Amino acid sequence: MSGTLVLDCEGLSKLVRRTPELTEWLVAAEAEDIRVVVSSVTLVEARDPRTQQARFDHAVSRVNVVPSSEAIARRASKLLASAGLHGHKYALDAIVAATALASPAPVTVLTSDPEDLRDLYGAEVQVIKV
């Protein structure tokens with residue numbers, strides 16, 4: 001493997017909707033042998049009741065789901081404290097960030113909120129708006 005591509009809620013939602021942008025990212029990742037991951041909490045955050053379960057499940061089958069763990073949660077908590085952010089609003093984002101930081105480098109995160117979340121990721125992770 002030569003790195004990791006992490007999808008946040010918006011990234012997974014766009015994959016479920018089969019947007020060309022996300023399809024291109026997945027094709028490129030596969031061509032470069034880059035592992036595509038989502039945090040297990042992203043499955044909950046991205047679930048839209050208007051979407052058929054089979055379509056959602058198919059999209060999820062195309063990525064690697066990384067379970068949240070105590071280690072991930074503790075790292076997320078430290079990231080929040082370092083960034084001066086409150087867990088009530090940013091808990092899921094922090095878990096995605098901790099998941100990304102625990103993934104094989106180089107790591108790219110596709111997110112809808114790159115400006116607000118750069119403090120969580122630091123310089124170790126490339127954050128790209130989708």
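Everything in this summary refers to the structure shown in the same document.

## Comments concerning the nonpolar core
Generally speaking, a soluble globular protein has its nonpolar side chains buried in company with each other. Formed by 24 residues in total, the largest nonpolar core has its most connected members in Val6, Val109, Leu120, Tyr121 and Val125. Considering every element that reaches this core, the biggest residue donor is helix H6 (residues 87-101), with eight residues. If we ignore the near neighbours within four places in the chain, the residues touching valine 109 are Val6, Ala100, Tyr121, Val125, Gln126, Val127 and Ile128. Grouped together as the second largest cluster of nonpolar side chains are 18 residues, Leu22, Ala29, Phe56 and Ala59 included.

## Focus on the sheet that holds strand E5 (residues 125-129)
Spatially, the five strands line up as an open sheet ordered E3-E2-E1-E4-E5, and their pairing is parallel. One side of each edge strand has no neighbouring strand; the edge strands of this open sheet are strand E3 (64-66) and E5. Averaged over all pairs of adjacent strands, the angle between their axes in this sheet comes to 30°, without regard to strand direction. As judged from the four bridges shared by strand E1 (residues 4-7) and strand E4 (residues 107-111), these two strands associate in the parallel manner. By the bridge assignment for E4, threonine 4 is matched with valine 107.

## What about the pattern of salt bridges?
For the coordinates displayed, the defined rule picks out four salt bridges. The residue glutamate 10 makes a salt bridge to arginine 17 at a minimum N-O spacing of 3.4 Å. We classify arginine 17 as partly exposed; its relative accessible area is 44%. In this structure, the salt-bridge partner of arginine 50 is aspartate 48, at a minimum N-O distance of 2.7 Å. Note on arginine 50: relative accessible area 74%, which makes it exposed. A relative accessible area of 23% means that aspartate 48 is categorised as partly exposed.

What counts, and where the lines are drawn
Residues numbered from 1 in each chain as written. Predicted model: local features only at pLDDT ≥ 70, side-chain atom pairs only at ≥ 80, totals over all residues. Heavy atoms only, no water. Core = buried A, V, L, I, M, F, W, Y, C linked by side-chain atoms within 4.5 Å. Buried < 20%, exposed > 50% of the residue type's maximum accessible area, 1.4 Å probe, protein only. Helix = DSSP H or I, 4+ residues; strand = E, 2+ residues; numbered from the N terminus. Contact = heavy atoms within 4.5 Å. Pairing = 2+ DSSP bridges. Axes fitted to C-alpha atoms, helices over the stretch in contact; angles between N-to-C directions. Salt bridge = Lys/Arg side-chain N within 4 Å of Asp/Glu carboxyl O.

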